[in-house]
Amino acid sequence: MNSIMNNLPKLFITLLCVLMASSGMLNAQIKVTRIAGKDALDGRSGIVYTLPRTVVIADLCISKSQQFAGPLAEYAAEYLGIDEVITKDAVGYAMESAEIRTITEPDPGQVYLIEKEDKSQGEVWISFDKPGPLMTLEVFEKTLSPEGFSSWNKELFMTAEAGKLFKKYTDSPTREVTDTIVRKLSIDTLVVEQMIFRHSREEYSDREKAQDAADKIRQIEHDKYNLLIGYPETAYSKDALEYMINNLEAQKSEYLKLFTGVTVKEMLRFSIPVIPEPDNESQVYKISGFSKTNGMTDAEGQPEIILQLMTTDQDLETAKTGEAISGTGLVYILPRSFKAKITFEAKEFATRRIEVMQLGTTLSLPATFKRIEFNLETGSLQSVVME
C-alpha cells in the first residue's frame, strides 16, 4: 500500500475513474476515508486517489535597460557639440506586463482511500484512462533572496567590453612612429653625420581618437551628401543607393557610440507559481519584491508585486454548501470562482477569472451507488447513476 502512496502523482493526470457494479441489477457500496499519512493504510486495502489543487502561475515580463558610457564621452561637446551623452554606466528595471494562468496538481492534504464494504451486493470495478504527461514545478519560496533566482545573476548582465559595444574604438588602437636619430662624428676637422631611423608603434590617446572619430563622422556626412546630389555622376539604381546610404549610416552610428554611449534593452520573463491557501483570509499573496535598480528581489523593504484573489457576493453564496463526511461515499470538489489580479504600486497589470479547487467545497456522495464517473484532474463528477 505504501507503493500506492508513492505513485499518487501518476494517478492524477487526466484520469477518468469509473466505478461500477459487476451486475446492472446490483448496487455497490463503498467507504471513502481521508488518509492523513502512510500509517493510516496499515492493514487496509483499496484504491488511493487525491483531489486536485490549483496552482496560479504569474507570468511576469520585466524590461532591463543597461547604459554604457562611451569611451570618448568627455570629448563629445568639444568635437561634436553634443551635450546629452551617457557619462556613467547604469542599469534600470521596469515592470512591463503580466499574465495569469492556472495548472492543477495533486493536493497532498486531500488523499482518500476507496474501500469496498463487506455488505456490498456486487463487485466494485475501478478503471483508469491512459495517463497524460507529468509536469514538474519549482515552488516559489516567500523568503527567497535575489540569489535564489539561478538565472537572474547569470548571463543577464552585459559587460562594457569595448570590442563588443564600441567596435570603432579598437579599429586603430596604435600607429607607427618613426624617430630620426642624428649621430655626429668629428675627426680632426672632418665632421661625419649619420642618420638612424627607429620605427616603433605608439597607442593613440583618447583625444586623438576623438579627433579622428569626429573627422570620420564629418567625412561620412560629406560622402552621403555627395551621393544624394549625384556628385559621382553615376546612375546608381534605387537599391544600390539605399544600400550605400544605409552602410554609411551604420558606420556613422558606430562612431557616434564612442561619444554618446550605448543603451542595451532586453525583456526578461519569469513564471512564478503561487498555491492559494485556505487559511489565508485576505487571499493576498506577495509574489516578489521589485526594485527599479536591482530588479526582482526580496519582498522585505521593497515595493511588492501582489497577486490577489477576490470574490463577489454571488461567489460567496455559491460556496456555502456542505462538507465531505469521511467514511461515506466518493469525495469530490465544487471549485470556487475568483477574480485574480496582479498589481504593482497600485497599477493593475493582469486580471482573469479563475476557479480554485482547494478554496472550494469538498462534498461526498452516498456510499451506495450503481455507476460513478469521476475526473481526477478536476476533482469533479462526470456522471452518477444511483438506484
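In short, a report on the structure. (Residues numbered from 1 in each chain as written. Predicted model: local features only at pLDDT ≥ 70, side-chain atom pairs only at ≥ 80, totals over all residues. Heavy atoms only, no water.)

### What about a nonpolar patch on the surface?
- Together, L185, I187, L190 and V192 make up an exposed nonpolar region whose accessible area comes to about 350 Å².
- At the level of elements, β6 (174-187) and β7 (190-203) are the ones that each hand at least two residues to the nonpolar patch.
- Tracing the sequence through the fold places L185 in strand β6. (Patch = residues over 30% accessible without salt bridge, like charges linked within 9 Å, V, L, I, M, F, W, Y side chains within 5 Å. Areas by Shrake-Rupley, 256 points an atom, 1.4 Å probe, with all protein chains shown as cover. Salt bridge = Lys/Arg side-chain N within 4 Å of Asp/Glu carboxyl O. Helix = DSSP H or I, 4+ residues; strand = E, 2+ residues; numbered from the N terminus.)

### A few points about unusual backbone geometry
- You will see that Q283, though not glycine, has its phi angle at about 55°, which is positive.
- Residue A346 is not a glycine yet carries a positive backbone phi of 70°.
- Inspection of the secondary structure assignment puts A346 in the loop between β12 (331-344) and β13 (347-364).

### What to know about helix α5 (residues 206-229)
- Given a rise of 1.5 Å per residue, 24 residues ought to cover 34 Å, and the 35 Å separating the end C-alpha atoms of α5 matches this to within 8%.
- The set of residues buried in α5 consists of K209, A210, A213, A214, I217, I220, K224, N226 and L227.
- Backbone geometry just after α5 places G230 at a positive phi near 75°. (Expected span 1.5 Å × (residues − 1). Buried < 20%, exposed > 50% of the residue type's maximum accessible area, 1.4 Å probe, protein only.)

### Overview of the sheet that holds strand β11 (residues 304-310)
- Spatially, β10-β9-β11-β12-β13 is the arrangement adopted by the 5 strands of the open sheet, whose pairing is antiparallel. In this open sheet, the two edge strands, each paired with only one partner strand, are β10 (295-297) and β13. Here the average twist between neighbouring strands, direction ignored, is 30°.
- Looking at chain direction, β11 and β12 are connected through 6 bridges and run antiparallel. From the neighbouring strand, Q308 faces β12, where its bridge partner is K341. (Pairing = 2+ DSSP bridges. Axes fitted to C-alpha atoms, helices over the stretch in contact; angles between N-to-C directions.)

### Observations concerning the environment of T362
- For T362, the position within the fold is in strand β13.
- The exposure class assigned to T362 is buried, which follows from its relative accessible area of 15%.
- Through-space distance from the C-alpha of T362 to that of I333 is 4.5 Å; in sequence the pair is 29 residues apart.

### Regarding the packing of α5 against helix α6 (residues 238-260)
- The N-to-C vectors of α5 and α6 enclose an angle of 160°; their axes lie 10 Å apart at closest approach. One element, α5, and the other, α6, form an angle in the roughly antiparallel class. Relative to α6, the crossing made by α5 is left-handed. Here A210, A213, A214, K216, I217, I220, E221, D223, K224, L227 and L228 of α5 lie close against α6, whose contacting residues are L241, M244, I245, L248, E249, Q251, K252, Y255, L256, L258 and F259.
- Of the residues that constitute the contact of α5 with α6, the class distribution is 15 nonpolar, 1 polar and 6 charged. (Parallel < 35°, antiparallel > 145°, perpendicular 65-115°, else oblique. Left-handed = near helix turned anticlockwise from the far one by under 90°. Contact = heavy atoms within 4.5 Å. Nonpolar A, V, L, I, M, F, W, Y, C, P; charged D, E, K, R; others polar.)

### What to know about the environment of I47
- Among the secondary structure elements, I47 is positioned in strand β3 (residues 47-68).
- What makes I47 partly exposed here is its relative accessible area of 29%.
- Sequence separation of I47 and Y112 is 65 residues, and the distance between their C-alpha atoms is 8.3 Å.

### Quick look at α6
- End to end, α6 covers 31 Å across 23 residues, agreeing with the expected 33 Å (1.5 Å per residue, within 8%).
- Within α6, the full set of buried residues consists of I245, L248, K252, E254, Y255, L258 and F259.
- Count one or two residues on from α6 and you reach G261, which has phi positive near 90°.

### Focus: the packing of aromatic side chains
- Considering all chains together, one arrives at 3 aromatic pairs under this definition.
- Relative to Y79, the ring of Y75 has its centre 6.2 Å away and its plane inclined at 55°; by these criteria the two rings are tilted.
- Owing to a relative accessible area of 12%, Y79 belongs among the buried residues under this scheme.
- Taking 5.3 Å as the distance between ring centres and 80° as the angle between the ring planes, the aromatic pair formed by F290 and F344 counts as edge-to-face. Taken together, the positions of F290 in strand β9 (residues 284-291) and F344 in strand β12 put the pair 54 residues apart, joining distant regions of the chain.
- With relative accessibility at 2%, the residue F290 sits in the buried group. (Phe/Tyr/Trp six-rings, centres within 6.5 Å; stacked < 30°, edge-to-face > 60°.)

### Comments concerning the nonpolar core
- If you look at the biggest cluster of nonpolar residues, it comprises 28 residues, and the most contacted ones within it are L60, I62, I287, L307 and I342.
- Contributions of two or more residues to this core are made by β3, β4 (90-116), β8 (262-274), β9, β11, β12 and β13.
- With 5 residues, the top contributor of residues to this core is β13.
- Those residues within four positions of I62 in sequence are excluded, and the remaining contacts are Y93, A94, M95, E266, M267, L268, F270, F290 and M296.
- Counting residues in hydrophobic clusters, the runner-up holds 17 residues, among them A76, V85, A214 and I220. (Core = buried A, V, L, I, M, F, W, Y, C linked by side-chain atoms within 4.5 Å.)

### Re the environment of F374
- You can see F374 is positioned in strand β15 (residues 371-375).
- Taking the C-alpha atoms as reference points, F374 and L330, separated by 44 residues in sequence, lie 8.9 Å from one another.

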